[in-house]
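Single-letter residue listing:
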Amino acid sequence: MSPKNDQEIMNEYLSNERTLLAWLRTGIGIMVFGFVAVKFSLFLRQLPPKYLAETVAPNSNFTIYLGIGLLIAGALTILLSYLRYTKTVKLLKQGKYQYSTAMLTFITMMLFVLSISLIAYLIIAASA
């Protein structure tokens, strides 16, 4: 295998930075969704009952907990993406980069559990 030239090395570092930025956007998006869930739940609680006369608004804190869970998931996504970025930079400098799916698996499972919780909540709320 031939040694890498400066352009190839620079492309690897830039690719790592683009990956970090994509994960940061993902984390921010998850946090925004969590923030909206919490704020909408609080908004519904402050509405006078006459505006909700024809609908049944679930009276539980589940959406607040789900929103907080999404905020935590977004923050974890940002933190883990930064840790992965720094680890990748270190490995690239050593010329020993190893591909790993551990972070992707963790974040995917965390969001899957939160999504299933939201789906279950919406089904229960619709049938009440």
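The shown structure was predicted, so the numbers you read here are calculated from the model rather than taken from an experiment. (Residues numbered from 1 in each chain as written. Predicted model: local features only at pLDDT ≥ 70, side-chain atom pairs only at ≥ 80, totals over all residues. Heavy atoms only, no water.)

Colleague: Just to check I follow, could you spell out the overall build of the chain for this structure?
Modeller: Helices and strands together make up the secondary structure of the chain, namely three helices and zero strands. Evaluated residue by residue, the chain yields a buried proportion of 22% over its 128 residues. Within the chain, counting contacts between residues at least 6 apart in sequence, those at least 24 apart form 76% of the total. For the chain, the exposed surface amounts to about 9,200 Å²; the carbon and sulfur share of it is 68%. (Helix = DSSP H or I, 4+ residues; strand = E, 2+ residues; numbered from the N terminus. Buried < 20%, exposed > 50% of the residue type's maximum accessible area, 1.4 Å probe, protein only. Contact = heavy atoms within 4.5 Å. Areas by Shrake-Rupley, 256 points an atom, 1.4 Å probe, with all protein chains shown as cover.)

Colleague: Can you walk me through the packing of aromatic side chains in this structure?
Modeller: Pairs of aromatic rings are described using the distance from one ring centre to the other and the angle between the two planes. The final tally for this structure, using the stated rule, is one aromatic pair. Look at Y82 and Y85: their rings are 6.4 Å apart centre to centre, the planes differ by 35°, and that puts the pair in the tilted class. Linking Y82 with Y85, this pair stays in helix α2 (residues 62–94), spanning three residues, or about one helical turn. When its relative accessible area of 18% is taken as the criterion, Y85 is described as buried. (Phe/Tyr/Trp six-rings, centres within 6.5 Å; stacked < 30°, edge-to-face > 60°.)

Colleague: Got a minute to help me understand the UniProt feature "transmembrane region" (unreviewed entry) in the chain in this structure?
Modeller: UniProt tags residues 20–42, 62–83 and 104–124 as "transmembrane region" (unreviewed entry). The distance from the first to the last C-alpha atom of residues 20–42 is 33 Å, and the span holds 100% helix and 0% strand. For the annotated span residues 104–124, helix accounts for 100% and strand for 0% of the residues, and the straight-line distance between the end C-alpha atoms is 30 Å. (UniProt positions renumbered as here; feature names shortened; annotations may be inferred.)

Colleague: Where do I start with the environment of V38 in this structure?
Modeller: In this structure, V38 sits in helix α1 (residues 6–46). Taking the relative accessible area as the measure of exposure, V38 reaches 13% and is therefore buried. Between the C-alpha atoms of V38 and G67, which are 29 residues apart in sequence, the distance is 5.1 Å. Ignoring any residue separated from it by four or fewer positions in sequence, one finds V38 in contact with T63, I64, G67 and I68.

Colleague: Even after reading the chapter, I still don't get α2, so can you show me in this structure?
Modeller: Residues separated by three or four positions in an α-helix point in the same direction, a consequence of the helix having 3.6 residues per turn. Taking 1.5 Å of rise per residue, the 33 residues of α2 would be expected to cover 48 Å, and the 47 Å separating its terminal C-alpha atoms lies within 8% of that figure. Downstream of α2 by a residue or two, G95 has a phi angle that is positive, lying close to 70°. (Expected span 1.5 Å × (residues − 1).)

Colleague: Where do I start with the nonpolar core in this structure?
Modeller: In terms of nonpolar packing, the biggest core is built from nine residues, these being W23, I30, L66, L70, A73, M103, I107, M110 and L114. Put simply, the parts of the chain that give this core at least two residues each are α1, α2 and α3 (102–127). For this core, the element with the highest residue contribution is α3, accounting for four residues. (Core = buried A, V, L, I, M, F, W, Y, C linked by side-chain atoms within 4.5 Å.)

Colleague: Hey, could you run me through the side chain of T77 in this one?
Modeller: Looking at the element boundaries, T77 is found in helix α2. Here T77 falls in the buried class, since its relative accessible area comes to 0%. Side-chain polar atoms of T77 contact the backbone oxygen of A73, separated by 2.8 Å. Not counting chain neighbours up to four residues away, the residues in contact with T77 comprise W23, G27, I30, I107 and M110. (Polar contact = N/O pair within 3.5 Å; in protein donor to acceptor, adjacent residues only side chain to side chain.)

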